[in-house]
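This is what each chain is made of:
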Amino acid sequence: MTEAIFGVLTDPLVTRAIELIWREAELLDRKAYAAWNALYTDDGFYVIPIDPAAERFDDILNMVYDDARMRRMRVTRMTEGHAIAAVDAARTVRTVSRFVPESVSGDEVVVRSAQILVAYKRERHDLWAADLVHRIRLSPDGDRIVQKVVRLVDSESAVPAAGFLL
């Protein structure tokens, strides 16, 4: 089974998707939120569900459920300096790994992965761990994220507010 999973990682379409996921992580760590938002399709969603088993997100309570309009509003809050979270934002370093392609077609790749994010603020390190699912639309004009689901390992516990995107 392991060979079959890792053999798929050599698929050029999967490689493109993984490169986009790494690019997204790098942009978030640099706080390049406008460039991050540009990685999404117009119909794309950024979701952080509370229920770790949720498969549908539009009719349940989520920590975050952002379509294009809400992502733009979030980016504005994060970059204009009016929100306390933006003024005193943590520095972050994230690692995204353990890529498992779920599906691959000519124009779309779905990839599961794991993310560890270390945030540093006010002389303190915080650790955020999550399972991710990215649905990537492939196009000659540029690959884009259709959906990103961030399943925090502690999503059902009290999760502190973050002055950064996961």
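Here, every reference points to the structure presented above.
What counts, and at which threshold
- Residues numbered from 1 in each chain as written.
- Predicted model: local features only at pLDDT ≥ 70, side-chain atom pairs only at ≥ 80, totals over all residues.
- Heavy atoms only, no water.
- Phe/Tyr/Trp six-rings, centres within 6.5 Å; stacked < 30°, edge-to-face > 60°.
- Helix = DSSP H or I, 4+ residues; strand = E, 2+ residues; numbered from the N terminus.
- Buried < 20%, exposed > 50% of the residue type's maximum accessible area, 1.4 Å probe, protein only.

**Let's talk about the packing of aromatic side chains**
1) Next: Evaluation of the coordinates by the stated rule reveals five aromatic pairs.
2) Next: The interplanar angle of 80° and the centroid separation of 5.5 Å between the aromatic rings of Trp22 and Phe99 together place this pair among those described as edge-to-face. You can see Trp22 sitting in helix α2 (residues 12-29) and its partner Phe99 sitting in strand β3 (residues 91-104), a full 77 residues away along the chain.
3) Next: Of the residues examined, Trp22 reaches a relative accessible area of 47% and is grouped as partly exposed.
4) Next: Ring geometry for Trp128 and Phe164: centres 5.5 Å apart, planes at 85°, overall edge-to-face. Here Phe164 lies in the segment after β6 (144-152) and Trp128 lies in strand β5 (residues 124-137), a separation of 36 residues in the sequence.
5) Next: Within the aromatic cluster, the residues linked to one another by ring pairs are Trp36, Tyr40 and Tyr46.

**Side note on unusual backbone geometry**
1) Next: One non-glycine residue, Arg122, lies in the positive phi region at around 55°.
2) Next: Positive phi, normally seen in glycine, also occurs at Glu123, with a value near 65°.
3) Next: Considering the arrangement of structural elements, one finds Glu123 in the loop between β4 (108-121) and β5.
4) Next: Overall, the relative accessible area of 71% leaves Glu123 in the exposed class.

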